[in-house]
Amino acid sequence: MSYYFTILSPTDTPIFNIAFGTSKSGGDGIARFRFPDTAQYMNQFIIHSSLDIVEETQWTNGGMYLKHIDTYPPAAAYISAFLTPSGARFLLLHQPPQLPASNSSSLGASSLLGASGSTTRASSSSIAANPTSPQTEEAVRQFMNEIYESYVKTAMSPFYKQGMEIRSPVFRTKVTAAGKKWL
Amino acid sequence: MTSPGDAAPVKPPPSFSPGVARGTSKSRYPDEAESTHSIDAELAEARSVSSPTPPLSATTAELPIRSSSPHARSVRSSTPQLARSSLGSPFDGRFDGSEDIRSLIIRAFSPTVAIYASDDTDELVRNKGFKGGFWELVRPFGDTVSGKVVIRDSVGSSRAWEDYGVRFVDLNGFGRTPAGRESGQESSLTQMEEILEQQLESAEGPFGGSIPPKDALGVPVASPLWKLLLRQILSATSAAPHETFGHPVASVIAISSRNMAPLETLRQLYGESSSGDKRLPDWVNSEYLRYYVLVHDEERDDITESTKLYDQMKRHFGLHCHLLRLRSSQCIVTDDDSVQVPSCEWLSPQERLSGVGEAGKYSAFIRQLETNNIAETLVDLGTDGTPYLFDSDVTAIRTFIRELMVQSVIPFMENRVAVWNDQIASRRRGISGRFMSVGRRFMTFGSGSRSGATGSSGGSGNYDPTNNFYGPDSPEAILRKMADFAFMLRDWKLAASTYEMIQSDFKNDKAWKYHAGAHEMCAVSMLLNPLAMSAKIKLESVDQMFENACYSYLTRCSDVPHALRALSLGVELLKSRGGSATESAARWAMRVMDFGLVGPIGQILFTERVSACYASKISMGGAKWGGRRRKAGMWSIFAANQWLKAGNPTLAAACLEEGERLYGDVLETDGVFPIPEMQTFVDNLRHSVKVEYLGARGFDTRDEPASEDPVLTDETSEKLEKIDKRNHRRSLIGLPGQLDVGNFNMTSGTRDPENSPNDDFERA
Amino acid sequence: MSATKASRIGEEIWKTRIDKVNAELVTLTYGTIVAQLCQDYDSNYQDVNKQLDKMGYNIGMRLIEDFLAKSGVGRCANFRETADMIAKVGFKIFLNVAPTVTNWSSDNNQFSLIFDENPLADFVELPDDGRAQDELWFSNILCGVLRGSLEMVQMQIEAHFVSDVLRGDDTTEMRVSLVRYIEDEMPPEEE
């Protein structure tokens, strides 16, 4: 599972980005997205597009943690969201690892989909494998809460201005640690 | 400006990696260096006269609106593109061409009428320039039955339809096509792709680029290319056992006044069609309406003789007869009352590729199909080979078709539906309505005497698993036929309930193609029924039905054309439902791409369609949320990128503009994305599209001073202004009551076009 | 008076005679002041340090009265006792921290206060402009407070920070040096 975590200001400006991979079940914590390295803008596009859903869900869901709210099927990218009361959005894109043996033929593509569907079902007990399982929801919730705590502290720093990019290495370390701990 | 027809071949697009180094664009097209001198000269000349190389926005605006595909009769596509600024109320324009698409879908499932003409009739028609004989002559006129067609539904209420059609098929070709089709299934997809390619090429030529037409709100209606693809998808599937749409509802048996033994010939033709070698395949119900036509040659034969014969026919064959009076000589364009024969709307990919669509070239195709056909060279029918008919002939044919449909075929179908509904469906409903499939089994055993009933466990025994079809007389087949009839009669409520009723039968029999078909059409008829589907639960069940259909077609039967048809119907009909259904529509479109059901161009068109699906979900009641503008914009940008990679900068430009328009509503500043990587990507894309677009039209964009360079000549600054206006135009239809978020200090909120770091690429 | 006794006094006063105020409010207020100074002085951190010290001095001159009134402690016998009084009573009752007194010079005229925690600097992260980490002493107001208050009790001292966890150092340490005892002089005009 690869993760891309972004905090967006109320004006949709990204104030914090980090990409990391799972550390569970032997993961080395390095993100391996399905897009080539030159296409990392894809993560941003997907996350940005999920704001459509966030904006809608935030009126129907009273909580701060909105759970898994959106999926981008072509890349099997799942988006979970967390809203701070002040309007910052924490968005976590998670993407299960690309399965091997994806050939370019059309039938290969279809079998790929079928296969990924069945794999997620087969190993639903593991957090890493199934992005929509209750375990994952819970893990993401813990992750989000932990980051929220750190975020509040960071936002309290007198030298931090609302909506400004978070450049604090302390915060980054804390996010990395939270990612290691929960995801 | 160089005429688009002279356009140089499009270069492969540059890389889109955001980190393209400065200066790469200088050497991007080294091979172009020599060939550009003359163009440079031309350009220089142009510069001295007026502002050269208008910015992309201006250039695209000048482009001719994409003329509709040659076969579309849509008036709308010729509607001038209205400026967005001229729109009136932003809310009365919800119409986005979905009615158009809906009509297209409904007409795709028109009743089929087989044509079986005597040799003398075909001979007569061939002399008029229609190599395919009588079938070819009447076929194009079946696309729309003139005047209103009134249909009564199962509960007795009538409704008039303006757009009713009938599909004429050649009885000669009928048995053969499905047999040859099994092998040709996959190829129908490659054929579709080929057609799209051809269309694109021709669009680059005479059409000079194709910008999707827009309605008054600036929302693009379905692009003609998409409609072309959709029409291909809907006509790629021909008659098959598991559905009766391609099966003849009636058969027209035609003789001409030249015939020496008319009644005998009619009997002989009837005999051949019901038992001879022209007999339809076993899976087609042979109880269909026979309709007898006497074609009278106005020029050579005596009308009194023909009238006499016609009266005789009526005595022998009843009321399903028609006297069609045609002139036997060929009409040419210079004749006073010449009328151009319309082109067929519904051509299978194979036919379209062999050029049948461009009427007059039928012979090529017919020769392929019928080896026994005369190898006559094409008679010159006019400058462009389009056949013409005399006005009187056209009127006669239209009248004939109207009479055929209104007086015979539709009453016949209404009658069959009523009878089957009464005799089979209602009995099933009565018992099994409460007891479901248990009741059904009682019922089948109760009336089980009808079949040989080898009674495999759970199955009814009416299904023949070796040949994969139900006997046409089995209740399952008849119920399916009844549902199809109801569907074609546009009684979607009855159709949906009937399809729903037989789904489980097919499942029990493991008749997977039937199973898929019933789910597909059940979902489609539910979506077409304007009254149904108020609740959200229904939407879920519709989704489930498409899921089942797709799984059975694809995984169990590997039937790609039908799966593609089912999903495309789902996309379009869900989209036209609006609201949350549009998201399902987008998901199904993505599934089509994911399954790889369409070729590369098809993929791009589906990408555009995903965008259109999301774009049609709009926010409610002036709220800022609820729309899917970002998603729509994203997919449009992706489509632009793909068009560019496919070497079509014109369409890329159109998609890009559409994407920016969609994003316009959600971005603080128009054209300025808050997320830097997105900004870089879009900027690069914008630039590449411009380079390619102008490059394809013979402009040398390399030596031109970079348009956003701070040091500007007068003319480029003029241009810069235009670009800026475009980039920073505020959306005119911005929703009222937008949240005020102005208090936040946005670091990248304003982008100075002159020294933004993002413009490095452009300066290269 | 021993250091432990001083601690006891400090605890006692903190528990019984101090009106408490929300720590975040203090922290945010102080942080805002520093941030504003940085802005006003255009990130000239030497000037900011100076200004903070001056503000602290003005606070200290007033605060000493309150301190004496609340604590009721008498005159200290020597500078070591003063150091304990500052660390265990003064910081305790005003900031609820008790820095460690250590690193005495041989002449008993210089010592260090090691702060394990610093309520003023909670949440704070110095600007990452590449200079603040080296130049700004975020809590410099404390130096001024000590200077101001001790001056009121006839001790001229010099105080400055030598390390700060905010800068990435391991500890936060303030060095305090006694310059001289002021004999029967009138307090100078406020600076």
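- You'll find chain C entered in an unreviewed UniProt entry as Trafficking protein particle complex subunit BET3, with Penicillium frequentans given as the organism.
- UniProt lists a comment for chain C under the heading Sequence similarities (unreviewed entry), and it reads "Belongs to the TRAPP small subunits family. BET3 subfamily."

- With an unreviewed UniProt entry as reference, chain B is termed Transport protein particle subunit trs85-2, source organism Penicillium frequentans.

Overview of the interface of chain C and chain A
Argument step 1. The interface is formed by 11 residues belonging to chain C together with eight residues belonging to chain A.
Argument step 2. Taken together, the residues of the side of chain C that touches chain A break down into seven nonpolar, two polar and two charged.

What to know about the sheet that holds strand 4 (residues 77-83) of chain A
All names here are of chain A.
Argument step 1. If you trace the five strands from one edge of the open sheet to the other, you get 2-1-5-4-3, paired in antiparallel fashion. Only two strands of the sheet have a single partner each, and these edge strands are strand 2 (14-21) and strand 3 (65-72). Taken over all neighbouring pairs, the strand axes of this sheet differ in orientation by 20° on average, direction set aside.
Argument step 2. In terms of strand pairing, strand 1 (residues 2-8) meets strand 2 through seven bridges, oriented antiparallel. Bridge pairing in strand 2 links Ser2 to Gly21.
Argument step 3. Set on the sheet, helix 4 (residues 169-182) makes contact with strand 1 and strand 2; between it and strand 2 the angle comes to about 40°.

Some words on the pairing of strand 4 (residues 172-181) of chain C
All names here are of chain C.
Argument step 1. Of the strand pairs in this sheet, strand 2 (residues 110-115) and strand 4 are connected by six bridges, and their pairing is antiparallel. Following the sheet pairing, Ile114 is matched in strand 4 by Glu173.
Argument step 2. Bridge count for strand 3 (residues 155-163) against strand 4 is eight bridges, and the pairing is antiparallel. Across the sheet, residue Ser163 finds its bridge partner in strand 4, namely Glu173.

Digging into the packing of helix 14 (residues 475-488) of chain B against helix 15 (residues 492-508) of chain B
Residues and elements named next belong to chain B.
Argument step 1. Their axes nearest at 8 Å, the elements helix 14 and helix 15 cross at an angle of 155°. With respect to their mutual orientation, helix 14 and helix 15 come out roughly antiparallel. Handedness of the helix 14/helix 15 crossing: left-handed. In this structure, helix 14 uses Glu476, Leu479, Arg480, Met482, Ala483, Ala486 and Phe487 to contact helix 15, whose residues at the interface are Trp492, Leu494, Ala495, Thr498, Tyr499, Met501, Ile502 and Asp505.
Argument step 2. The residue inventory of the contact of helix 14 with helix 15, partitioned by class, reads 11 nonpolar, one polar and three charged.

Calculation criteria
- Residues numbered from 1 in each chain as written.
- Chains lettered and ligands numbered in written order.
- Predicted model: local features only at pLDDT ≥ 70, side-chain atom pairs only at ≥ 80, totals over all residues.
- UniProt positions renumbered as here; feature names shortened; annotations may be inferred.
- Contact = placed C-beta atoms within 7 Å.
- Nonpolar A, V, L, I, M, F, W, Y, C, P; charged D, E, K, R; others polar.
- Pairing = 2+ DSSP bridges.
- Helix = DSSP H or I, 4+ residues; strand = E, 2+ residues; numbered from the N terminus.
- Axes fitted to C-alpha atoms, helices over the stretch in contact; angles between N-to-C directions.
- Parallel < 35°, antiparallel > 145°, perpendicular 65-115°, else oblique.
- Left-handed = near helix turned anticlockwise from the far one by under 90°.

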